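Structure at a glance
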Amino acid sequence: MATDRFERRVAVVTGGARGIGLAVAERLAAEGARVALWDLDEAEAAKVAARLSGLALRVEVADEASVAAAVAATEAALGPIDILINNAGITGPNGPVETYPFDAWRRVIEVDLTGVFLCCRAVVPGMRARNRGRIVNVASIAGKEGNPNASAYSAAKAGVIALTKSLGKELADTEVRVNCVTPAAVKTDIFAQMTEEHIAWMLSKIPLGRFGRVEEIAAMICWLASDEASFSTGAVFDVSGGRATY
């Protein structure tokens, strides 16, 4: 693994305290980046940041003021943001649309879609002014294919895919690249929000016959965050173990 691919780069990873976000933060730091972890679990993020010589901030990605304050604090401590990894997300409950709680629907959309929008909106002006940057959004195979009994999550992740395509085109006249990844299920703490039946259903849909590993998703994300990904923008990169049908 290269050790200097992200030297002198400042990277923000939302939801960076655990799971895919943690794996991404660890790899970015190992390859030279100064990493800021934005997470609701500030205590856990602080432990990771101490190990990575990074910065931990408690951030509610669905709150405009919280995101703005995080940008200011990150840039004051580390410098201008070069890389944004929008990873923070929740699954919400599993259940059919006709009984899906509206409060749960609204919360999933706020965190998984509006949170990505707010974080992008907050960093894009600086990236455009400096004419450089990488944004990688973590969507899901559910956003491409729709998972039954996960309507809010599927809808939010489909929105992330569309937002990625839209913003990538908006910034195509700059050196800022915007892409997303669509993992199939990866066994992380987020599984605690799902039923055993839903977990088994997801596994049954993966031709490779196993869940993804966080390191595998991190490898794709970090390539997209690098200078090597110079001719891809507004694109969707599949990491679904063969599940994707398009």
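Residues numbered from 1 in each chain as written. Predicted model: local features only at pLDDT ≥ 70, side-chain atom pairs only at ≥ 80, totals over all residues. Heavy atoms only, no water.

Put simply, the test is: UniProt positions are given in the numbering used here, feature names are shortened, and annotations may be inferred rather than shown by experiment.
In the nomenclature of an unreviewed UniProt entry, the protein is known as SDR family oxidoreductase of Elioraea tepida. Under the UniProt heading Sequence similarities (unreviewed entry), the note attached to the protein is "Belongs to the short-chain dehydrogenases/reductases (SDR) family."

**Observations concerning unusual backbone geometry**
Convention followed: Helix and strand labels come from DSSP, where a helix needs a run of H or I of at least four residues and a strand needs a run of E of at least two; each type is numbered from the N terminus. Only protein chains enter the area calculation, which uses a 1.4 Å probe; residues under 20% of their type maximum are buried, those over 50% are exposed, and those in between are partly exposed.
A positive phi angle, near 55°, is found at Asn 131, a position not held by glycine. Position of Asn 131 among the secondary structure elements: in the loop between helix H4 (102-130) and strand S5 (133-138). Taking relative accessible area as the criterion, Asn 131 reaches 38% and is therefore assigned partly exposed. Positive phi values are uncommon outside glycine, yet Asn 149 reaches one of about 65°. Positionally, Asn 149 belongs in the loop between helix H5 (141-145) and helix H6 (151-170). Residue Asn 149 is classed as partly exposed on the basis of its relative accessible area, which comes to 39%.

**As for the layout of surface pockets**
How we decide: Cavity and pocket criteria rest on a 1 Å grid covering protein atoms alone: a 1.4 Å probe that fits but cannot get out defines a cavity, protein on both sides within 12 Å along at least 5 of 7 lines defines an open pocket, and an atom within 4 Å of a point defines a lining residue. Grid points are joined across faces, edges and corners, and a volume is the space filled by probe spheres set on the points. Note that Gly is not counted as nonpolar here; it falls among the polar residues with everything else outside the nonpolar set of Ala, Val, Leu, Ile, Met, Phe, Trp, Tyr, Cys and Pro and the charged set of Asp, Glu, Lys and Arg.
One number sums up the size of the largest pocket: a volume of about 740 Å³. Lining the largest pocket are 40 residues, with Asn 87, Ala 88, Gly 89, Ile 90 and Ile 190 sitting closest to its centre. Looking at the lining of the largest pocket, the elements with two or more residues in it are helix H1 (19-30), strand S2 (34-39), H4 and H6. Partitioned by chemical class, the residues of the lining of the largest pocket number 21 nonpolar, eleven polar and eight charged.

**A closer look at the confidence of the model for the protein**
For the record, the criterion: Think of pLDDT as the predictor's per-residue confidence, scored from 0 to 100.
Looking at the protein as a whole, the pLDDT averages 95, with 99% of positions reaching at least 70. Within the protein, the lowest mean pLDDT, 88, falls on helix H7 (residues 196-204), and the highest, 99, falls on strand S4 (residues 83-86).

**Notes on the nonpolar core**
Note the following rule: Grouping buried Ala, Val, Leu, Ile, Met, Phe, Trp, Tyr and Cys residues that are joined through side-chain atoms within 4.5 Å yields what is termed a nonpolar core. We call two residues contacting when some pair of their heavy atoms lies within 4.5 Å.
Judged by nonpolar contacts, the single largest core of 33 residues is most densely connected at Val 13, Val 24, Leu 28, Leu 37, Ile 85 and Ile 221. Elements supplying a minimum of two residues to this core: strand S1 (10-14), H1, S2, helix H2 (42-52), S4, S5 and helix H8 (214-224). If near-sequence neighbours (up to four positions away) are discounted, Leu 37 is found in contact with Val 13, Gly 16, Ala 25, Ala 45, Val 48, Ala 49, Leu 55, Ala 56 and Leu 57.

**Quick notes on empty space enclosed by the protein**
Empty space among the atoms can be located by rolling a probe the size of a water molecule over them. On inspection of all chains with the given rule, the structure shows two cavities of 30 Å³ or more. In this structure, the largest cavity encloses a volume near 50 Å³. Lining the largest cavity, in full, are Thr 91, Asn 94, Asn 147, Ala 150, Tyr 153, Met 194, His 198 and Met 202. One number sums up the size of the second largest cavity: a volume of about 40 Å³. The dominant element in the lining of the second largest cavity, judged by the number of residues it contributes, is H4, at four residues. Classifying every residue of the lining of the second largest cavity by side-chain character gives five nonpolar, four polar and no charged.

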